[in-house]
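Observations on the model geometry
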Amino acid sequence: EFDCADGCGGNSYLDDCGVCATDLTNDCLPDGHSYNSSMLQAFYFFSSVTLDGMLIDTNDWVIAVNDSVVVGSDQWDTSICNGTCSVPAMGYDGSDYTAGYMQTGGVPSFVIYDTSSDTYYQAITSEPVDMWSNGGIFFNDSLQAFTQ
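To keep things clear, this report deals only with the structure shown in the data block. Quantities reported herein were computed from a predicted structural model and do not represent experimental measurements. (Residues numbered from 1 in each chain as written. Predicted model: local features only at pLDDT ≥ 70, side-chain atom pairs only at ≥ 80, totals over all residues. Heavy atoms only, no water.)

Quick look at the overall build of the protein chain now. Counting its regular elements, the protein chain contains 0 helices and 10 strands. Walking the protein chain from its N terminus toward its C terminus, one meets helices and strands in the order β-β-β-β-β-β-β-β-β-β. For the protein chain, with 148 residues in total, the buried portion stands at 36%. Long-range pairs, those at least 24 residues apart, make up 54% of the contacts in the protein chain with a sequence separation of at least 6. Entry remark: accessible area of the protein chain is about 8,200 Å², with carbon and sulfur atoms responsible for 51%. (Helix = DSSP H or I, 4+ residues; strand = E, 2+ residues; numbered from the N terminus. Buried < 20%, exposed > 50% of the residue type's maximum accessible area, 1.4 Å probe, protein only. Contact = heavy atoms within 4.5 Å. Areas by Shrake-Rupley, 256 points an atom, 1.4 Å probe, with all protein chains shown as cover.)

Given below as structure tokens:
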């Protein structure tokens, strides 16, 4: 039997967003935002996320990156997280699926994905980003990016 990727006996399936995928943990993430869940995780909270000084739309995303490897992402809908949302940052747990992910003492960078323009923007924080550690919960006032 063929799966949705035309693989004979493959394990791809059509997810809730109509995307043919093998990763059960990342349904509905836009291209370029997907990551694998890890047994090692930290969360970075931001009170405000802006693009050119304006709060980002509920369709936009915040992405955590470690040396160009996406280690976490979240659609930034503050109505479902009481105004202060978080982005996960997955850690390297020894599995092939988490190669290149965060390790203790590393510092993630953050990217804002503007859905309406299909554009990624490198973001900066209002305070220095805390070093990643497993189980860490870190707070920062703001994350901002500029189109120019």
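This part is about the pairing of strand E6 (residues 69–75). Summarising the sheet, strand E5 (residues 61–66) and E6 pair through 6 bridges and their orientation is antiparallel. Bridge pairing in E6 places Val62 opposite Asp74. What sits between E5 and E6 in their antiparallel hairpin is a turn of 2 residues, with Asp67 showing a positive phi close to 50°. (Pairing = 2+ DSSP bridges.)

With that settled, the discussion passes to the packing of aromatic side chains. What characterises a pair of aromatic rings is the spacing of the ring centres plus the angle enclosed by the ring planes. Per the stated rule, a full pass over the model turns up 6 aromatic pairs. Between Phe45 and Phe139 the ring centres are 4.9 Å apart and the planes differ by 20°, which places this aromatic pair in the stacked class. With Phe45 in strand E3 (residues 41–51) and Phe139 in strand E10 (residues 137–145), the pair connects residues that are 94 residues apart, well separated along the chain. Measuring from ring centre to ring centre gives 4.6 Å for Tyr113 and Tyr120, while their planes differ by 40°; the resulting arrangement is tilted. (Phe/Tyr/Trp six-rings, centres within 6.5 Å; stacked < 30°, edge-to-face > 60°.)

As a further point, take the environment of Ser34. Among the secondary structure elements, Ser34 is positioned in the loop between strand E2 (20–21) and E3. Take Ser34: its relative accessible area is 44%, and that puts it in the partly exposed class. Residues Ser34 and Asp74, spaced 40 residues apart in sequence, show a C-alpha to C-alpha distance of 9.7 Å.

So, on to the nonpolar core. Ranked by size, the top nonpolar core spans 31 residues in total, and within it Tyr44 and Phe110 carry the most contacts. Looking at this core, the elements with two or more residues in it are E3, E5, E6, strand E7 (85–90), strand E8 (109–114), strand E9 (119–125) and E10. (Core = buried A, V, L, I, M, F, W, Y, C linked by side-chain atoms within 4.5 Å.)

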